[in-house]
Amino acid sequence: MPLTVEDKLAIQELAARQFKYLDAHDVDAWAQCWIPDGTFVANYGTFQGHTSIKEFLRGHIAAGKEDGARHLGVNHVIEGDAERAEMYSVVVKLQVVQSPFIIATGIYRDTLVRTPDGWRFESRRLDIDPGVFATGPRA
């Protein structure tokens, strides 16, 4: 059975909640967006399971990488069936505490599964656009 409109909305809402929790530095809620053995892959490494995903985010926050950040997820393309889905989306990370500017942009490629608690990420891969690493720190 193909994905319903309700499924697609629920998947988009999961992605939005994940950013809400990230921006609020709510590590536990952020990790709950994945299945227990789910994987987060980014330029920083591969993190599998809730414990590893939480450890990554705690370290990322402690290093100041999320200070003043707000994430926008756009251009969702979702395909799949009633049990599994693939999603492509674009992320824009903004600095909103200082004079606003774009910190980073990238592409997410996700695999999602339906669980008794709703849709969750099985894997979420973030490919940060290379321009982010091409410039020095902003004054």
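Residues numbered from 1 in each chain as written. Predicted model: local features only at pLDDT ≥ 70, side-chain atom pairs only at ≥ 80, totals over all residues. Heavy atoms only, no water.

Trainee: Which residues make up the pattern of salt bridges, and what values go with them?
Mentor: According to the stated counting rule, one finds ten salt bridges in the structure shown. Between Arg-114 and Asp-7 there is a salt bridge, and its shortest N-O distance comes to 2.7 Å. Of this pair, Arg-114 sits in strand β5 (residues 101–115) while Asp-7 sits in helix α1 (residues 5–23); the two residues are 107 residues apart in sequence, bridging distant segments of the chain. In this structure Arg-114 comes out as partly exposed when scored by relative accessible area, which is 34%. Ionic pairing is found between Glu-83 and Arg-114, a salt bridge with its closest N-O pair at 4.0 Å. Linking Glu-83 in the loop between β3 (69–80) and β4 (84–95) with Arg-114 in strand β5, this pair joins segments that are 31 residues apart in sequence. For Glu-83, a relative accessible area of 46% translates into the label partly exposed. Linked through salt bridges whose partners overlap, the residues forming this network are Asp-7, Glu-83 and Arg-114. (Salt bridge = Lys/Arg side-chain N within 4 Å of Asp/Glu carboxyl O. Helix = DSSP H or I, 4+ residues; strand = E, 2+ residues; numbered from the N terminus. Buried < 20%, exposed > 50% of the residue type's maximum accessible area, 1.4 Å probe, protein only.)

Trainee: Mind laying out the nonpolar core, listing which residues take part and the relevant values?
Mentor: Ranked by size, the top nonpolar core spans 28 residues in total, and within it Ile-11, Trp-30, Phe-40, Leu-112 and Phe-121 carry the most contacts. Of all the secondary structure elements, the ones that give two or more residues to this core are α1, α2 (27–31), β1 (34–42), α3 (49–62), β4, β5 and β6 (118–128). Counting residues per element, this core draws most heavily on α1, which supplies five residues. In contact with Trp-30, other than residues within four places in its own chain, are Gln-18, Tyr-21, Leu-22, Phe-40, Ile-53, Phe-56 and Leu-57. (Core = buried A, V, L, I, M, F, W, Y, C linked by side-chain atoms within 4.5 Å. Contact = heavy atoms within 4.5 Å.)

Trainee: Just give me the short version of the pairing of β1, but keep the residues and values in it.
Mentor: Burial within β1 is extensive, with seven of its nine residues counted as buried. Bridging between β1 and strand β2 (residues 45–48) involves four bridges; their strand directions are antiparallel. What sits directly across from Phe-40, in β2, is Phe-47. Counting the residues in the hairpin turn of β1 and β2 gives two residues. (Pairing = 2+ DSSP bridges.)

Trainee: Which residues make up unusual backbone geometry, and what values go with them?
Mentor: The backbone of His-25 sits at a positive phi, close to 60 degrees, despite the residue not being glycine. Along the chain, the position of His-25 falls in the loop between α1 and α2. Look at Asn-75: it is not a glycine, yet its phi comes out positive at around 55 degrees. By the element assignment, Asn-75 lies in strand β3.

Trainee: Go over the pairing of β6, please, and point to the residues and values.
Mentor: Bridge analysis of β1 against β6 gives four bridges, and the strand direction is parallel. Pairing of Trp-34 across the sheet is with Phe-121, part of β6. Alignment of β5 against β6, held across ten bridges, turns out to be antiparallel. For Asp-110, the partnering residue across the bridge sits in β6 and is Arg-124. Connecting β5 to the antiparallel partner β6 that follows it, the hairpin turn spans two residues.

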